[in-house]
Amino acid sequence: MKPSFRHGLFAALLAATPLVAGAPAIAQAVSPAVGKPLAAAKTMRSGPAAIAQVNAARAAAKTPGERTKVAQMAAYVYANSGQYAAAAQQLETLGAGPSQLAPYYYRAGQYDKAIELGKRAGGAEMQKVVAQSYIKKGDKKSAAGVYAQLIRTNGPRVEWLENLASLQFSFDKQAYLATVRQLIKADPSPARYKALLFNLKNQNMGDQARLMLFQLMRQTGNLTEAVDVQEMSKLAIIGDQPGVALGALTDWQKSNVVSASEPMITRLVQVSGQKSAAAVAAIPRLPATPAGRMAAGHALFGSNQYPAAAQAYRQVVSANTPIADQARLLEGIALVRAGDANGGRAVFDGVGKASPFYDVAQLWSLYASTHQ
């Protein structure tokens, strides 16, 4: 799933300019040779026959007033016929400004012209035309620059932040995460997390980082697909965290997200239950080594003993072994689960940028910052 992007045909592109918002009135002063075909074109609204009537009126027009009426009707008919470049050319003869012309050149596919006119016009709506034109040209970085400038100039708006994040996702993940952070701070609802988490779920990452991303999906109420339920459970069992798999599977069965009778789910519940019970029973016999403390942390976490789990993981972090960043992230999650969001956030922020767990740690830190 790619990030959502709310560009569409926004209001500036949907609304006709004032000159052609409706069929122009045909003044009584025009001659019958001009007025009659213009009236016919007005009735037809669009199509080759209407354009032919406009051309007949143009051939008969003698005065500046008549030529103005012809140009107005021509713009109206061309726009309704989907000939936006021709409509724009008629509007130009009537002295239309860049803010009126840019949407028509955009619709005509003349994106460079739309960008030029949109920049000249200024204003937020026209900058959206500029950004959309850059997107059509395949220049996402320039489009992102337009939205970033809009936000700097006018302050953050949800639509602009969403569009900026969608663009940044393809070329600058760190900027994307920073933009999403602004969005989630404004609205920390499960729906706001959903696109972000599903986007990152589809990125390449190690199994343990992926498991902790699934943990956040569960934490935010976004682990609702059977395929994700199964993948998380398998990763937890393989990663010596069967209690995590068991707790999640039990919750999902109770919520009817997955069928309790589904063979794969039934098998995962059985395996995770057996392994979890064995892991808890083995805690007293575990050695006081980083590997032993990590195993203890997993068993304690899986049995919902979160403060004790955090303490065990903290001992692994203190030992400064290759698994320290994994333990640090798990410690933070345990603290959040124990109700200490501030403590969890401080731990998440200790994961360095070079770590394979950095992106997931930043997302957990964002979650913790909105649940203090």
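In case you missed it, the structure is sitting above this.
Read on for an overview of the structure. (Residues numbered from 1 in each chain as written. Predicted model: local features only at pLDDT ≥ 70, side-chain atom pairs only at ≥ 80, totals over all residues. Heavy atoms only, no water.)

Turning next to the overall build of the protein. When helices and strands are counted, the protein shows 21 helices and 0 strands. By the compact-globule yardstick of 21 Å for 372 residues, the protein is too spread out, its C-alpha radius of gyration being 31 Å. Projected onto its principal axes, the C-alpha positions of the protein cover 105 × 45 × 30 Å. Among the 372 residues that make up the protein, the fraction classed as buried is 47%. The long-range share in the protein, meaning contacts at least 24 apart out of those at least 6 apart in sequence, stands at 53%. Of the roughly 16,800 Å² that the protein leaves accessible, carbon and sulfur atoms contribute 53%. (Helix = DSSP H or I, 4+ residues; strand = E, 2+ residues; numbered from the N terminus. Rg over C-alpha atoms; globule rule 2.2 N^0.38 Å. Buried < 20%, exposed > 50% of the residue type's maximum accessible area, 1.4 Å probe, protein only. Contact = heavy atoms within 4.5 Å. Areas by Shrake-Rupley, 256 points an atom, 1.4 Å probe, with all protein chains shown as cover.)

All right, on to the pattern of salt bridges then. This model, assessed by the stated rule, comprises 13 salt bridges. Between glutamate 331 and arginine 314 there is a salt bridge, and its shortest N-O distance comes to 2.8 Å. Note that glutamate 331 is positioned in helix α19 (residues 324-337) and arginine 314 in helix α18 (residues 306-319), a separation of 17 residues in sequence. In this structure, a network of salt bridges that share partners links the residues Glu125, Lys128 and Glu159. (Salt bridge = Lys/Arg side-chain N within 4 Å of Asp/Glu carboxyl O.)

This part takes up helix α20 (residues 341-348). Residues of α20 that are buried: Ala341, Gly343, Gly344, Val347 and Phe348. Seen along its axis, α20 keeps its buried residues to an arc of 160 degrees; they face one direction. Elements that come into contact with the buried residues of α20 comprise α19 and α21 (358-369). (Arc of directions from axis to C-beta.)

With 12 residues, α21 extends 16 Å between its outermost C-alpha atoms, agreeing within 8% with the 16 Å of an ideal straight helix rising 1.5 Å per residue. With respect to burial, α21 is a largely interior element, 11 of its 12 residues being buried. For α21, every residue scored as buried is listed here: Tyr358, Val360, Ala361, Gln362, Leu363, Trp364, Ser365, Leu366, Tyr367, Ala368 and Ser369. On its buried face, α21 is in contact with α11 (173-186), α12 (190-201), α13 (207-219), α19 and α20. (Expected span 1.5 Å × (residues − 1).)

The next point concerns the packing of aromatic side chains. Both the distance between ring centres and the angle between the ring planes are used here to describe each pair of aromatic rings. All chains considered together, the criterion is met by 7 aromatic pairs. Between phenylalanine 169 and tyrosine 176, the aromatic rings sit 4.9 Å apart at their centres with planes inclined by 75 degrees, giving edge-to-face as the arrangement. Residue class for tyrosine 176 comes out buried when judged on its relative accessible area of 2%. Arranged with centres 5.9 Å apart and planes meeting at 80 degrees, the rings of tryptophan 364 and tyrosine 367 form a pair that is edge-to-face. One end of the pair is tryptophan 364 and the other is tyrosine 367, both in helix α21 and 3 residues apart, which spans about a single turn. A relative accessible area of 0% places tryptophan 364 in the buried class. (Phe/Tyr/Trp six-rings, centres within 6.5 Å; stacked < 30°, edge-to-face > 60°.)

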